[in-house]
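# Observations on the three-dimensional arrangement
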Amino acid sequence: MAHDSYHMEDEALARPYDGALMRRLLVYMRPYWLLAVVVVVLSLASQALFAGRGFVMKYIVDDGLGGAPGVELNQRVVWIAVLMLLAVEILRWLSRVVLDYLTVKLGQSAVYRLRLEVFSKLQRLSLRYFDRNPAGRLITRVTNDVEALNELFSAGIVSIFTSLFMMVVLIGCMLYVHVRLALVSLAILPGLVVISVLVRRRIRPVMRVVRRKLAGVNAFLQEHFLGMRVTQMFRQEERKAAEFSKINLDYRDEMYRAIRLNALIGPITTVLFALGTGVLLWYVGWRYFVADPTLTAGTVIAFMLWYGMFGMPVAGIAETYNVIQTAMASSERLFKLLDEEEIIKQRECARVVNHLKGHIEFRNVTFEYNPGEPVLHEVSFTIEPGQTVAIVGATGAGKSTIINLIFRFYDVSAGQVLVDGIDVRDYDMTSLRRQMSLVLQDVFIFSGTVAYNIRLGDEIPIEHVIESARMVNAHRFIEQLPEGYETVQSERGSTLSAGQRQLLSFARALAFHPSILVLDEATSNVDTETERLIQDAIEKLTRDRTSIIVAHRLSTVQRADQILVLHKGEVRERGTHQQLLKQRGLYYRLYQLQYKERQLARPDAEPADDVAS
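Here the structure is a predicted model, which is why all the values come from computation and not from measurement. (Residues numbered from 1 in each chain as written. Predicted model: local features only at pLDDT ≥ 70, side-chain atom pairs only at ≥ 80, totals over all residues. Heavy atoms only, no water.)

As a further point, take the side chain of arginine 455. Structurally, arginine 455 is set in helix H15 (residues 450–455). Within the structure, arginine 455 has its side chain in polar contact with the backbone oxygen of isoleucine 460 (distance 3.0 Å). (Helix = DSSP H or I, 4+ residues; strand = E, 2+ residues; numbered from the N terminus. Polar contact = N/O pair within 3.5 Å; in protein donor to acceptor, adjacent residues only side chain to side chain.)

Rendered as structure tokens:
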């Protein structure tokens, strides 16, 4: 189903020209308008020089080689014309070199602005948007769709001007030299344009299928590379190889079909030009017999040269037509993303904060991910500055949702979340989150050094990075890495154990000096020895700062100043560890269940005093 949705997204690879979209795209070229003008002028000059070869050849043949009636061989004229031809070619070559460089620069400059704007927009969107849109689709927006527009910016817009200009120049040259011969030469041109467009139109849907098939190949590879451990564990290698063979075969067959259709363009164009050349030669022969004095040998050669040049602008227009259609579809998807409403909006007079006391209050908070399905229902509680509060409950009770609301990853549906007595919606989000640190169960490690993963590119001195790692018991294992803090980590820190990644995330949290610390299931995936190190780290981290611990293991939360027990989106119990055990409610049952699990795992374990009492 994931692959199908990707293909449905990719169906609209081409759409008709849209003036509004094109005007919006041209905005990204506006800062580089002078460069665009230079590119167009150079391109026109190059095409004019290209067409000028016909006049030089006519001059050589008629005035130098005696191709015109009554003109004898003149070596001086020949040498002058050859030098002129050489100068034209050198100038054209130089203009093409400069033009190619400036064209790429123009396209990349516009695409740079667009890609940066798309990435910045993605960073401003709320997590709700990412819940609805798979990462693969968003990556496609930033890569494939932007690259399609790169073709438009760097070649398409310039090409359409130069191709049309080239056709006008060639037609003008022909009409200037010999009107009747020009009309005969151009008789085949409409058919050439129509057939070229029709063939390319036939190829476009085939290429659309090819790109969908390629997307399927890429999606399959990405999914199964990530799941390679499961494939090998359940011995599914042959089955997966067979599945990939089928997907790969479909892609190959569609590619063959596209190649066959694409191969038709050359022969069809050749046949049409040959037909046009035949008509042109027939007319020249007929005019020769009637002794037309205006039809010189130089004129015929110049016309043959100009006629052969027509293939370039015709092919250029057809190709640019395809580029524009693809760009229209890509720009539509990109602008849809850029126009996406930012649900988590920052108010104009947002309050910038440099330090928080750490007072947190939930006041009758209700929250819904989906309308009509509340995850939290009128939740109220208060956390005093410097307190350590634990939140426990069954899966789906709403523990992580509370964390998301404190960090304002989502906004409440009703009620208020207050930090230091001020609604989080009134804070500048960047400065608010700068005073908080979050340690998640699934630690994300970026590609880069260990030191980079602790400071995250911030200008934190290496001494402070090391001190933070030392305080949370991460320094020892980091020192044992090949290059210590400068050891480069692979994707998602796959060379580190789960416990090492967790300790690294503790060092990251401490390095930013948070006023509020949140630990979300931070000890779920570690062994007993690592849990001991983490417990020691938690004690140091939570000292002198407001801390919230979301935990499944109740052994992690026993020393908390207050424990909130969530059940179906409501706070059902609150109190210290001992107080909640004495109530013999939800918390007591959770504690008993975990004690029995420990007894099954370790039959020789001593009975817990709290349960025994």
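There's more to say after this.
At a minimum axis distance of 11 Å, the contact between helix H7 (residues 179–186) and helix H11 (residues 297–309) shows a crossing angle of 30 degrees. Overall, the two elements H7 and H11 adopt an arrangement that is roughly parallel. Classified by chirality, the crossing of H11 by H7 is right-handed. Side by side, H7 and H11 meet where Leu181, Ala182 and Ser185 of the first sit next to Thr299, Phe303 and Tyr307 of the second. Class assignment of the residues belonging to the contact of H7 with H11 gives a composition of 4 nonpolar, 2 polar and no charged. (Axes fitted to C-alpha atoms, helices over the stretch in contact; angles between N-to-C directions. Parallel < 35°, antiparallel > 145°, perpendicular 65-115°, else oblique. Left-handed = near helix turned anticlockwise from the far one by under 90°. Contact = heavy atoms within 4.5 Å. Nonpolar A, V, L, I, M, F, W, Y, C, P; charged D, E, K, R; others polar.)

Okay, the nonpolar core next. In terms of nonpolar packing, the biggest core is built from 45 residues, with Ile454, Ile478, Val557, Ile563 and Tyr587 touching the most fellow members. Of the residues forming this core, the biggest block, 7 residues, is contributed by helix H18 (residues 498–511). For isoleucine 478, the contacting residues outside a window of four places in its chain are Val450, Ile454, Ala469, Gly484, Tyr485 and Leu504. In terms of nonpolar packing, the next biggest core, distinct from the first, is built from 34 residues, Met22, Leu122, Ile157 and Leu338 among them. (Core = buried A, V, L, I, M, F, W, Y, C linked by side-chain atoms within 4.5 Å. Buried < 20%, exposed > 50% of the residue type's maximum accessible area, 1.4 Å probe, protein only.)

We now examine the packing of aromatic side chains. Counting across every chain of the model gives 7 aromatic pairs. Ring geometry for tyrosine 28 against phenylalanine 335: centres 6.5 Å apart, planes inclined by 15 degrees, an arrangement best described as stacked. With tyrosine 28 in the loop between helix H2 (19–26) and helix H3 (33–64) and phenylalanine 335 in helix H12 (residues 311–338), this pair connects stretches of sequence that are 307 residues apart. Like phenylalanine 335, tyrosine 28 is buried. With a centroid separation of 5.2 Å and an interplanar angle of 90 degrees, the aromatic rings of tyrosine 369 and tyrosine 410 are classed as edge-to-face. Residue tyrosine 369 is found in strand E1 (residues 360–370), and its partner tyrosine 410 is found in the loop between helix H13 (399–406) and strand E4 (414–419); the two are separated by 41 residues along the sequence. Linked through ring pairs, Phe367, Tyr369 and Tyr410 together constitute an aromatic cluster. We note arginine 24 situated over the ring of phenylalanine 335; from NZ or CZ to the ring centre the distance is 4.1 Å. (Phe/Tyr/Trp six-rings, centres within 6.5 Å; stacked < 30°, edge-to-face > 60°. Lys NZ or Arg CZ within 6 Å of the ring centre and 35° of its normal.)

This part takes up the sheet that holds E4. Here 4 strands make up an open sheet; going across it, the order is E2-E1-E4-E5 and the pairing antiparallel. Of all strands in the sheet, those bounded by a partner on one side alone are strand E2 (373–383) and strand E5 (422–423). In terms of strand pairing, E1 meets E2 through 7 bridges, oriented antiparallel. Note that in E2 the partner of asparagine 370 across the bridge is glutamate 373. (Pairing = 2+ DSSP bridges.)

Moving on, we come to H18. Given a rise of 1.5 Å per residue, 14 residues ought to cover 20 Å, and the 20 Å separating the end C-alpha atoms of H18 matches this to within 8%. The buried count for H18 comes to 11 of 14 residues, which makes it a mostly enclosed element. Following H18 by one or two positions, histidine 513 adopts a phi angle in the positive range, close to 50 degrees. (Expected span 1.5 Å × (residues − 1).)

The next point concerns the sheet that holds strand E12 (residues 570–575). Spatially, the 6 strands line up as an open sheet ordered E6-E9-E10-E3-E11-E12, and their pairing is mixed. In this open sheet, the two edge strands, each paired with only one partner strand, are strand E6 (436–439) and E12. The mean inter-strand angle of the sheet, taken between neighbouring strand axes irrespective of direction, is 15 degrees. Two strands pair when backbone bridges link them, and strand E3 (residues 388–393) and strand E11 (residues 562–567) are joined in this way by 5 bridges, in the parallel orientation. Bridge assignment links alanine 390 to a residue of E11, and that residue is isoleucine 563. Docked against the sheet, H18 engages E6 and strand E9 (516–520), running at close to 175 degrees with respect to E6.

Let us look at the pattern of salt bridges. Following the criterion strictly, the structure yields 11 salt bridges and no others. Between arginine 363 and glutamate 361 there is a salt bridge; the shortest N-O distance is 3.2 Å. On the basis of relative accessible area, arginine 363 is assigned to the partly exposed category, the value being 37%. The buried category is assigned to glutamate 361, whose relative accessible area is 19%. Taking the shortest distance from any N to any O, the salt bridge between glutamate 570 and arginine 572 comes out at 3.4 Å. (Salt bridge = Lys/Arg side-chain N within 4 Å of Asp/Glu carboxyl O.)

Now for the packing of helix H16 (residues 462–471) against H18. Remark: H16 packs on H18, axes separated minimally by 8 Å, with the N-to-C direction vectors making an angle of 125 degrees. Considering their axes alone, H16 and H18 lie oblique with respect to each other. In the packing of H16 onto H18, the handedness of the crossing is right-handed. Facing H16, whose interface residues are His464, Ser468, Ala469 and Met471, H18 presents Ala507, Leu510 and Ala511. Its residues placed into classes, the contact of H16 with H18 shows 5 nonpolar, 2 polar and no charged.

For H2, the complete set of buried residues consists of Leu21, Met22 and Leu25. With its buried residues spanning 100 degrees around the axis, H2 presents them on a single face. (Arc of directions from axis to C-beta.)

Let's shift gears to a nonpolar patch on the surface. Together, Leu83, Leu86, Ile90, Trp93, Leu94, Val97 and Val98 line one region of the surface with nonpolar side chains, adding up to about 680 Å² of accessible area. With respect to the secondary-structure elements, valine 98 resides in helix H4 (residues 75–124). On the basis of relative accessible area, valine 98 is assigned to the partly exposed category, the value being 39%. (Patch = residues over 30% accessible without salt bridge, like charges linked within 9 Å, V, L, I, M, F, W, Y side chains within 5 Å. Areas by Shrake-Rupley, 256 points an atom, 1.4 Å probe, with all protein chains shown as cover.)

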